[in-house]
Amino acid sequence: SHPHKGGHVKITIVGTGYVGLVTGTCFAETGNDVICVDIDANKVAMLSRGEIPIYEPGLGEMVERNTQLGRLRFTTDLATACNDADLLYLAVGTPSADDGTADLSNLWAVVEQAAPHIGPKAIVVIKSTVPVGTNAGAASRFKELTGREVDVASNPEFLKEGAAIDDCMKPDRVVVGCRRAEVGEKLRELYAPFLRTEKPFLVMSPESAEMTKYVANAMLATKISFINEMANLCELMAADIDDVRRGIGHDARIGFSFLFPGVGYGGSCFPKDVRALRSMATALGVDPRMLTAVEEVNDNQKCIVTQKLKKHFKDDLAGKTIAVWGLAFKPRTDDIREAPALTLIDQMLAAGARLQVHDPEAAANVKAIYGDKLSYGENPYDALPGADALAVMTEWKEYVHVDLARVAHLMNTPVVFDGRNVYSRARMHEAGFTYYGIGRSPVL
Ligand code: NAD
């Protein structure tokens, strides 16, 4: 079949967060009629006024353009939005429950509310990351609620915050799980404009599609914990992980991507998805030894800067002033969910230190949690006066080429804990800093 024959479809996206908003906007960009639904009236009101509730590069202009062209609308009214949708995308949050399983209460709530309103030909598409078996569970619930078979497809999302538009418009691959070939064909048409460079559109069972998302995130988390464990070993051996990294990456079987040591992974996906996959294994009577190790290494790595600070200050952090650059769990996002910087902040506050923090985008989200317990710099230098140490927790580009002389001058003592290895050790020593990286021996 010709990839472009399908044309324009009516799409309703439920859940207008990082994934739902980006996906909906990209579908509108290719000419479809998109309605984004959210339970959060404040978010919907902002979006309807053209304000973007999150920071994601390039998203604002795209939302504005498609809203003006009438292809993108926002509402809290799920029932009406379902009425003539060809595709009903579920992109609500699926956070960790206290026991580590995925909390699907948002998803099930939407299934219950949407079922009476969907048309006979509507296809439900699960975009949220959900445990294996959720598709089958949703299909049988829709059947109970509507009295007929409803097509439910699984279409996991692989976008990265900070590069979400590009990832959505030019995905490495699209994965669709479905039980009927026609459903796969409809979604292939929808995605055709994004796959013009012959990137694969992979059709499989819903179970395989659901599992693909967890395996992808577990593999990426494994790479991070692996290199972090190797980095910590390097430090004790007077080896430098950065040289070792270069030394291994040229082997095509290993490669260079996603093998940067740091302060551990955070964000809204890796931690919760590794936990959820562990829970799935445990429920099946399997001890997921790799995943357990990945998580334990990461929990430790999130404390690595605290450990180094305590060692440097001989366990006496009371009354010390610590500057923190970078609060978001990674650059180019304002997302602070499970960010390593928050672990550091909690541990420093518990030790009686004072904190002066900076982040180009995430400071407001941090302020909403910590309020006046921290002081917030308008720019990186503002966080430095009187600081006994500086910890770099997120590798924002603007931290890389700072004026090191000015940094040293503003601080009480020029000590830097570089949690992302953004600085050259030699340059830091030349500028008079005591420098600690990750996996680098402290002296040159
Ligand atoms: P998010 O928290 O940013 O957004 C979820 C949205 O769903 C919120 O705006 C919330 O108000 C809304 N919502 C919750 N219950 C609702 C209901 N009953 N009706 C309508 N709206 C409701 O979450 P996110 O980061 O966009 O993630 C969504 C899903 O996509 C999760 O399953 C996540 O694992 C997955 N995912 C996220 C990313 C990412 O980088 N953020 C990447 C791939 C996959």
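Note that the coordinates shown come from a computational prediction; the quantities given were computed from them, not determined experimentally. (Residues numbered from 1 in each chain as written. Predicted model: local features only at pLDDT ≥ 70, side-chain atom pairs only at ≥ 80, totals over all residues.)

Observations regarding the overall build of the chain
Move 1: The secondary structure content of the chain amounts to 17 helices and 14 strands.
Move 2: The C-alpha radius of gyration computed for the chain amounts to 24 Å, which stays within 12% of the reference 22 Å derived for 444 residues, consistent with globular compactness.
Move 3: With the C-alpha coordinates of the chain rotated into their principal frame, the extents come out at 70 × 45 × 40 Å.
Move 4: Across the 444 residues in the chain, those meeting the buried criterion constitute 45%. (Helix = DSSP H or I, 4+ residues; strand = E, 2+ residues; numbered from the N terminus. Rg over C-alpha atoms; globule rule 2.2 N^0.38 Å. Buried ≥ 20, exposed ≤ 12 C-beta atoms within 10 Å, placed from the backbone.)

A closer look at unusual backbone geometry
Move 1: Positive phi outside glycine occurs at lysine 314, with the angle close to 50°.
Move 2: As for its placement among the helices and strands, lysine 314 is situated in the loop between α13 (304-312) and β9 (321-325).
Move 3: For arginine 332, which is not a glycine, the phi torsion comes out positive at approximately 65°.
Move 4: Along the chain, arginine 332 falls in the loop between β9 and α14 (340-350).

Description of the packing of helix α9 (residues 206-236) against helix α11 (residues 270-283)
Move 1: Here α9 crosses α11 at 115°, and the two axes come no closer than 9 Å. Considered as vectors, α9 and α11 are oriented roughly perpendicular to each other. The crossing of α9 and α11 is left-handed. Across the interface between the two elements, Tyr214, Asn217, Ala218, Leu220 and Ala221 of α9 pack against Phe270, Asp273, Val274, Ala276 and Leu277 of α11.
Move 2: Residue classes in the contact of α9 with α11 are distributed as eight nonpolar, one polar and one charged. (Axes fitted to C-alpha atoms, helices over the stretch in contact; angles between N-to-C directions. Parallel < 35°, antiparallel > 145°, perpendicular 65-115°, else oblique. Left-handed = near helix turned anticlockwise from the far one by under 90°. Contact = placed C-beta atoms within 7 Å. Nonpolar A, V, L, I, M, F, W, Y, C, P; charged D, E, K, R; others polar.)

Some thoughts on the site of the ligand
Move 1: Near the ligand you find 26 residues, and of these Gly15, Gly17, Val19, Ser128 and Thr129 are the closest.
Move 2: Residues of the shell around the ligand, tallied by class, amount to 11 nonpolar, 10 polar and five charged. (Near = placed C-beta within 6 Å.)

Here's the deal with the nonpolar core
Move 1: By size, the foremost hydrophobic cluster in this structure holds 121 residues, and its most contacted members are Leu88, Leu90, Val124, Val324, Leu327, Leu390 and Ala391.
Move 2: The residues touching valine 324, leaving out its near neighbours within four places in the chain, are Ala341, Leu344, Ile345, Leu355, Val357, Ala391 and Met393. (Core = buried A, V, L, I, M, F, W, Y, C linked by C-beta atoms within 7 Å.)

Looking at the sheet that holds strand β13 (residues 415-418)
Move 1: Judged by pairing direction, the sheet is parallel, and its six strands sit side by side in the order β11-β10-β9-β12-β13-β14 without closing on themselves. For this open sheet the edge positions go to β11 (375-376) and β14 (434-436), each flanked by a neighbour on one side alone.
Move 2: Two elements, β9 and strand β10 (residues 354-358), share five bridges in a ladder whose sense is parallel. Bridge pairing in β10 links valine 324 to valine 357.
Move 3: In the packing of α13 onto the sheet, the strands contacted are β12 (389-392), β13 and β14, and the crossing angle to β13 comes to about 155°.
Move 4: The strands that α14 touches are β9, β10 and β12; relative to β9, the one it contacts most, it runs at about 175°. (Pairing = 2+ DSSP bridges.)

Let's talk about the confidence of the model for the chain
Move 1: Considering every residue of the chain, the mean pLDDT works out to 96; 98% of them sit at 70 or more.
Move 2: As a predicted assembly, this complex carries a pTM of 0.95 together with an ipTM value of 0.99. (pLDDT = per-residue confidence, 0-100.)

Re the UniProt feature "domain: UDP-glucose/GDP-mannose dehydrogenase C-terminal" (unreviewed entry) in the chain
Move 1: Per the UniProt record, the feature "domain: UDP-glucose/GDP-mannose dehydrogenase C-terminal" (unreviewed entry) sits at residues 323-425.
Move 2: Between the C-alpha atoms that bound residues 323-425 there is a distance of 19 Å. The span itself is 26% helix and 17% strand. (UniProt positions renumbered as here; feature names shortened; annotations may be inferred.)

Quick look at helix α8 (residues 181-191)
Residue pairs spaced three or four apart in an α-helix point in one direction, given the helix's 3.6 residues per turn.
Move 1: By the burial criterion, the buried members of α8 are Lys186, Leu187 and Leu190. Viewed along the axis of α8, the buried residues span an arc of 90°, placing them on a single side of the element.
Move 2: On its buried face, α8 is in contact with β5 (123-126), β6 (151-154) and β7 (174-177). (Arc of directions from axis to C-beta.)

Digging into the domain arrangement of the chain
Move 1: Looking at the assigned domains, one finds that the chain contains domain 1 (10-204), domain 2 (214-299) and domain 3 (302-436).
Move 2: Of the residues lining the interface, nine residues belong to domain 1; the matching set on domain 2 comes to eight residues.
Move 3: A class-by-class count of the residues in the side of domain 1 that touches domain 2 yields five nonpolar, four polar and no charged. (Domains from an automatic or database assignment.)

Overview of helix α1 (residues 18-29)
Move 1: For α1, which comprises 12 residues, the first-to-last C-alpha distance of 17 Å matches the rise-based estimate of 16 Å (1.5 Å per residue) to within 8%.
Move 2: Counting buried residues along α1, 12 of its 12 residues qualify, which places the element largely inside the surrounding structure.
Move 3: Those residues of α1 not exposed but buried are Tyr18, Val19, Gly20, Leu21, Val22, Thr23, Gly24, Thr25, Cys26, Phe27, Ala28 and Glu29.
Move 4: Close packing links the buried residues of α1 with β1 (10-14), β2 (33-37), α3 (59-68), β3 (72-75), β4 (87-90) and α7 (164-169).
Move 5: Of the residues flanking the end of α1, it is glycine 31, one or two places downstream, whose phi is positive at about 100°. (Expected span 1.5 Å × (residues − 1).)

Points about the pairing of β10
Move 1: Within β10, four of the five residues are buried, which leaves it mostly tucked inside the rest of the structure.
Move 2: In this view, the connection linking β9 to its parallel neighbour β10 by way of α14 has right-handed handedness.
Move 3: The pairing of β10 with β11 spans two bridges and is classified as parallel. Counterpart to valine 357 in the pairing with β11 is tyrosine 376.
Move 4: Running through helix α15 (residues 363-370), the crossover from β10 to the neighbouring parallel element β11 is right-handed. (Right-handed = clockwise from strand over helix to strand, strands pointing away.)

Looking at the environment of phenylalanine 329
Move 1: Tracing the backbone through its elements, the reader meets phenylalanine 329 in the loop between β9 and α14.
Move 2: Assessed through the 28 C-beta atoms surrounding it within 10 Å, phenylalanine 329 is described here as buried.
Move 3: Along the sequence, phenylalanine 329 and cysteine 82 sit 247 residues apart, while their C-alpha atoms lie 35 Å from each other.
Move 4: Once residues lying within four places of it in the same chain are set aside, the contact partners of phenylalanine 329 are Gly266, Gly267, Asp335, Ile336, Arg337, Glu338 and Ala339.

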